[in-house]
Amino acid sequence: MEDRYFQTADRYVESLYEADGDLERVAESIRERGMPEISVAPGYGRLLTMLVRLSGAKRVLEIGALGGYSGICLARGLGADGKLVSLELKEEFAAVARANVERAGFGGKVEYRIGEALASLERLKDEGAAFDFFFIDADKGNYVNYLDFAIRLANPGALILGDNALLHGKTFDPGANGESARVMREFNRRIATDPRLESTILPAYDGLCIARVKGASS
Ligand code: SAH
Ligand code: MG
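Being a predicted model, the structure only gives us computed values, none of them experimental.

Participant: Just to check I follow, could you spell out the packing of helix α7 (residues 143-153) against helix α8 (residues 179-193) for this structure?
Facilitator: Taken N-terminus to C-terminus, the directions of α7 and α8 make an angle of 30 degrees; their axes are 8 Å apart at the nearest point. Of the possible angle classes, the one that applies to α7 and α8 is roughly parallel. Facing Tyr-143, Val-144, Leu-147, Asp-148 and Ile-151 of α7, the residues of α8 in contact are Val-183, Met-184, Glu-186, Phe-187, Arg-190 and Ile-191. Within the contact of α7 with α8, the residues separate by chemical class into 8 nonpolar, no polar and 3 charged.

Here it is in structure tokens:
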């Protein structure tokens, strides 16, 4: 969010919306504990809620919970029988997320699974779990692995979202060749070209991938 035009535009847009107590409390709890301040932005969170609601997703999988900001946004879009499973490496982060999600009234809809997301995904696969909606927002070096798992665990028509597609410009900086940049380039290429997906990549916020897993007929 370095671009001045975008900052001013974002401030204008946010000025139109009422304060969101539950999400502000999440941001505050993250600051108080010195956790990384990398939750999705408010407008991005509203998009998550809308996409869950519009898609009618009943089973949502989040990879990377942090303090529960995106978790609350995803849970808000769920219907009465909807459920969110959220994978988080750090027990202390998952505890903060759980407390925030409970305070926002979604405790009964959200299940946290702690540990390496790849191990949790393997377990979900063994359990025969399937999801209608995925939000990938954890360690960037595993993004391609997370995409492979998401496609495997997807019901037909499922949505797969990936955050931080641009890595603050590193993704398209030819001089940046660290692991995250290399993996994100491959992730984005796969999002754009995998024949099993239809997709768009929005250069908004830090880059947002939205893909739909095609069904048998589309
Ligand atoms: N989606 C959150 C922000 C997630 S930040 C929101 O917008 O509110 C990324 C999170 O991924 C951090 O909480 C980090 O602890 C977690 N993470 C990093 N590596 C991970 C891994 N290997 N497995 C599971 N979670 C991981
Ligand atoms: Mg992110």
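Participant: Please clarify how a nonpolar patch on the surface should be interpreted in this entry.
Facilitator: Where nonpolar side chains cluster on the molecular surface, the patch consists of Tyr-12, Val-13, Leu-16 and Tyr-17 and spans about 410 Å² of accessible area. Take Val-13: it is sitting in helix α1 (residues 4-15). Val-13 sits in the partly exposed class, given a relative accessible area of 32%.

Participant: Any chance you could explain the site of ligand 1 here in plain terms?
Facilitator: Looking at ligand 1, there are 20 residues lining it, with Gly-64, Ser-70, Glu-88, Glu-116 and Asp-137 nearest. One nitrogen or oxygen atom from the side chain of Ser-70 is found 2.8 Å from a nitrogen atom belonging to ligand 1. Contacts to ligand 1 include Asp-139, whose side-chain N or O atom sits 3.3 Å from a nitrogen atom. Here ligand 1 has 580 Å² of accessible area as a free molecule, and 92% of this is covered by the chains. For the shell around ligand 1, a count of residues per class yields 11 nonpolar, 4 polar and 5 charged.

Participant: Help me understand the nonpolar core, please; the structure alone is not making it clear to me.
Facilitator: Nonpolar side chains tend to gather and get buried jointly when the protein is soluble and globular. Leu-48, Val-60, Leu-74, Phe-133 and Leu-161 are the most contacted members of the largest nonpolar core, which has 35 residues in total. Secondary structure elements with two or more residues in this core: α2 (21-32), α3 (42-55), α4 (69-76), α5 (91-103), β3 (110-114), β4 (131-136), β5 (154-163) and β7 (208-213). When residues of this core are assigned to their parent elements, the largest contribution, 5 residues, is made by α4. Sequence-distant contacts of Leu-161, defined by excluding residues within four places in its chain, comprise Leu-48, Leu-51, Phe-133, Phe-134, Phe-135, Ile-136, Leu-208, Cys-209 and Ile-210. With 33 residues, the next largest nonpolar core counts Ala-117, Ala-138, Phe-149 and Leu-197 among its residues.

Analysis parameters
- Residues numbered from 1 in each chain as written.
- Chains lettered and ligands numbered in written order.
- Predicted model: local features only at pLDDT ≥ 70, side-chain atom pairs only at ≥ 80, totals over all residues.
- Heavy atoms only, no water.
- Axes fitted to C-alpha atoms, helices over the stretch in contact; angles between N-to-C directions.
- Helix = DSSP H or I, 4+ residues; strand = E, 2+ residues; numbered from the N terminus.
- Parallel < 35°, antiparallel > 145°, perpendicular 65-115°, else oblique.
- Contact = heavy atoms within 4.5 Å.
- Nonpolar A, V, L, I, M, F, W, Y, C, P; charged D, E, K, R; others polar.
- Patch = residues over 30% accessible without salt bridge, like charges linked within 9 Å, V, L, I, M, F, W, Y side chains within 5 Å.
- Areas by Shrake-Rupley, 256 points an atom, 1.4 Å probe, with all protein chains shown as cover.
- Salt bridge = Lys/Arg side-chain N within 4 Å of Asp/Glu carboxyl O.
- Buried < 20%, exposed > 50% of the residue type's maximum accessible area, 1.4 Å probe, protein only.
- Near = heavy atom within 4 Å.
- Polar contact = N/O pair within 3.5 Å; in protein donor to acceptor, adjacent residues only side chain to side chain.
- Core = buried A, V, L, I, M, F, W, Y, C linked by side-chain atoms within 4.5 Å.

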